[in-house]
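Chain residues, written in single-letter form:
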Amino acid sequence: GQGTVGLEIVEDLPDVGTVVVPVGGGGLSSGVSTAVKALRPETDIITVEPAGAPKLATSLREGRRVTLEKTGSIADGLITLSVGAHNWEHLSRSVTRGVTVDDDAMRETVRYLLDRRKLVVEPSGAATLAWLRQQPRGSVRGPVVAILSGGNIEWAGLQSLLGSA
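Observations concerning the sheet that holds strand β4 (residues 144–146)
Strand order in the open sheet formed by four strands is β3-β2-β1-β4, with parallel pairing between adjacent strands. Either end of the sheet is taken by a strand with one partner, and the two such strands are β3 (97–101) and β4. Adjacent strand axes in the sheet meet at a mean angle of 25 degrees, parallel and antiparallel pairs treated alike. Against the sheet, helix α2 (residues 27–39) touches β1 (18–22) and β2 (44–50), its axis set at about 165 degrees to β1.

Comments concerning the environment of I46
Among the secondary structure elements, I46 is positioned in strand β2. Classification of I46 by relative accessible area gives buried; the value is 2%. For the pair I46 and G98, spaced 52 residues apart in sequence, the C-alpha to C-alpha distance is 5.7 Å. The residues contacting I46, other than those within four sequence positions of it, are T18, V19, V20, V21, R97, V99 and W131.

Looking at the pairing of β1
Judged by how many residues are buried, β1 sits mostly within the fold: five of five residues are covered. Covered by surrounding structure in β1 are T18, V20 and P22 together with V19 and V21, the residues of both alternating faces. Pairing analysis gives five bridges linking β1 to β2, with the strands arranged parallel. Residue pairing in the sheet places T18 in a bridge with D44 of β2. Where the polypeptide runs from β1 across α2 and back to β2, its parallel neighbour, the crossover connection is right-handed. Across three bridges, the pairing between β1 and β4 is parallel. When the sheet's bridge partners are listed, T18 is paired in β4 with V144.

Here's the deal with the side chain of T128
Turning to its location among the elements, T128 is positioned in helix α6 (residues 123–133). When sequence neighbours within four positions are dropped, the list of residues in contact with T128 reads V20, V21, P22, V48, A146, I147 and L148.

Calculation rules
- Residues numbered from 1 in each chain as written.
- Predicted model: local features only at pLDDT ≥ 70, side-chain atom pairs only at ≥ 80, totals over all residues.
- Heavy atoms only, no water.
- Pairing = 2+ DSSP bridges.
- Helix = DSSP H or I, 4+ residues; strand = E, 2+ residues; numbered from the N terminus.
- Axes fitted to C-alpha atoms, helices over the stretch in contact; angles between N-to-C directions.
- Contact = heavy atoms within 4.5 Å.
- Buried < 20%, exposed > 50% of the residue type's maximum accessible area, 1.4 Å probe, protein only.
- Right-handed = clockwise from strand over helix to strand, strands pointing away.

In structure tokens, the structure reads:
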């Protein structure tokens, strides 16, 4: 299932240097990272989650699966208290780095994707590009693939998120 995304990335871009993937419960990120690392072990895998829900970044830093007491973010698809136990086993072996991004950056990236790229992406899916847009040019090994997952946002929610102006 979700590993297919990783297989397609390597098939379409065999020299991929970095894959940036959002992480909530860890299904998509563990599938992608496991598949990419199996075919191209030198590729960096960077997971991105909201600053208000740093369950994987904290787990990677502590070397054990952590369960947070509470989370909060506009990226409701990524605010789980922990990654799944099986997902943690894969992620702990395959992720190069776990990072966080704040809600303002995700909100601005949702707007950018809509205005400039004509893509409707919910905050959870925009997290990867939100983080990448904050990085200095050349600081992430290329070629870079950012997974933009999730268009589960209706018009009223999009208006509320971005403001009606």
